[in-house]
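Topology and contacts: notes
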Amino acid sequence: MSDERVSTVPIITHETRVEVSSEVGDIAETNLTSERTFVTDGWDILKAIVYGGLTESITSLGVTSSAAGGDASTLSIVALGLANLIGGLFIIAHNILELKNDTVRYTETIGQPQNFWRNTIIVIVSYMIFGLVAPVTYGFSFRETDNKDYKLIAVAIASLFCILILALGKARVTDRSYIKKLIYYAALGVAVSAVSYVVGVYVKKLLDQLGWISGNQNMLYHPSLILEAAGRASENWVS
C-alpha cells in the first residue's frame, strides 16, 4: 500500500492581492507623510531662527557702531546694547502676535501656525543670541589695550559672519537666490555700521560745539554730591 503525499499550495485570490497591496500602500504613504512632516518642521525651525536673528544682528551692529562713534565708554556701549536688546523684545513679541492673525504671512515668515509656541521660543532665543554678538564682542575683545578701532573690527567681523550665515538660511527658505541674498545683506550690514559710526562721530562733535551737553555734567548729579549738598542745606537750616 503506497503512501499518498498531498502537497498544499497556498491559493492567493484577487481579494488577497488587493488587500496586501492596500496595506503596502498605506505604509508607504505613512512613511512619506512622516518624512514630509520632518522636513517641514526642519525648515520651520530655520525660518524662525532667521526671523529672530537676521534683523537684530544688523540693528545691534548699528547701535554698537553708533555708540563707539560717539566715543562712549566700553561699559556704556555694552549697557546700551543690552538695553536695546531687552527693549526690542516687546517689539518682536508684538510683531509675532500680529503675524499670527495672518496665517499666510505667518507660514511664509516663521512656520506652521500649529507650532506657534515652539516657533516663538526659537525666534526669541535666536533674537537674544545674535543680538548679543555685537555688544559682547565689543566688551570682551582687546580688554587689555581697550583699543576702540580693534574692537570695532572684531565686532564687524563677528556680526558680518552671523549676517551671512542667516542670509544663507533666508535664501534657503525663500527663493534660494544665495548670491543675491549674501550680497544684499552684507552690503546692508556694512552700510548700517558705517553710517551709524559716522553719525555718532558728527553728532558728538556737534553737541560739543553747541555746549548743550558737557562731559562733566554728570558729576553735578552724582548721588554722593547730592547727599552732601542736602546735608549742608539741612545744617544751614538748623543753624
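Attention here is on the structure that accompanies the text. (Residues numbered from 1 in each chain as written. Predicted model: local features only at pLDDT ≥ 70, side-chain atom pairs only at ≥ 80, totals over all residues. Heavy atoms only, no water.)

Some details on the side chain of Asp-44
Quick note on the threshold: The numbering of helices and of strands both runs from the N terminus, where a helix is a DSSP run of H or I of at least 4 residues and a strand a run of E of at least 2. Contacts: residue pairs with any heavy atoms within 4.5 Å of one another.
Residue placement: Asp-44 occurs in helix 1 (residues 14–69). Apart from the residues within four sequence positions on either side, Asp-44 is in contact with Ile-110, Gly-111, Gln-112, Asn-115, Arg-118 and Asn-119.

Some thoughts on the nonpolar core
This is how the line gets drawn: Side-chain atoms within 4.5 Å link the members of a nonpolar core, which is a set of buried Ala, Val, Leu, Ile, Met, Phe, Trp, Tyr and Cys residues. For every residue, the accessible area obtained with a 1.4 Å probe (protein chains only) is divided by the maximum for its type, and the residue is called buried under 20%, exposed over 50%, and partly exposed between those limits.
Of all hydrophobic cores here, the largest spans 18 residues; its most connected members are Leu-54, Ala-68, Ile-77, Tyr-138, Val-155, Ile-163 and Tyr-185. Every element with two or more residues in this core is listed here: helix 1, helix 4 (116–140) and helix 5 (148–173). Once you skip the residues sitting within four places of it in the chain, Ile-77 turns out to touch Thr-64, Ala-67, Ala-68, Ala-72 and Tyr-138.

Observations concerning the packing of helix 2 (residues 74–100) against helix 4
Keep this limit in mind: Angles shown run from 0 to 180 degrees and are taken between the N-to-C directions of axes, each axis being a line fitted to C-alpha atoms and, for helices, limited to the stretch in contact. When an angle is under 35 degrees it counts as roughly parallel; over 145 it counts as roughly antiparallel; between 65 and 115 it counts as roughly perpendicular; any other value is oblique. Each crossing gets its handedness from the near helix: less than a right angle anticlockwise from the far helix is left-handed, clockwise is right-handed.
Remark: helix 2 packs on helix 4, axes separated minimally by 10 Å, with the N-to-C direction vectors making an angle of 160°. On the basis of the axis angle, helix 2 is roughly antiparallel to helix 4. In this structure, helix 2 crosses over helix 4, and the sense of that crossing is right-handed.

Looking at the side chain of Lys-47
Spelled out, the test is: A positive count includes Lys and Arg, and a negative count includes Asp and Glu. His and the chain ends are not counted in either. When a carboxyl oxygen of Asp or Glu is within 4 Å of a side-chain nitrogen of Lys or Arg, the pair counts as a salt bridge.
Note that Lys-47 resides in helix 1. Asp-44 is the oppositely charged side chain nearest to the buried, salt-bridge-free Lys-47, at an N-O distance of 4.3 Å. Look past the residues within four positions of Lys-47 in its chain and what remains in contact with it is Thr-107, Glu-108, Thr-109, Ile-110, Gly-111 and Val-173.

Focus: a nonpolar patch on the surface
Note the cut-off: To count toward a patch, a residue needs a relative accessible area over 30% and no salt bridge; like charges are then connected within 9 Å, while nonpolar side chains (Val, Leu, Ile, Met, Phe, Trp, Tyr) are connected within 5 Å. Per-residue and other accessible areas were derived by the Shrake-Rupley procedure at a 1.4 Å probe size, with only the shown protein chains allowed to occlude residues.
A cluster of nonpolar side chains, Phe-161, Ile-165, Leu-168, Tyr-178, Ile-179 and Ile-183, forms an exposed patch at the surface whose accessible area comes to about 600 Å². At the level of secondary structure, the elements contributing two or more residues to the nonpolar patch comprise helix 5 and helix 6 (178–210). In this fold, Ile-183 is placed in helix 6. Ile-183 sits in the exposed class, given a relative accessible area of 55%.

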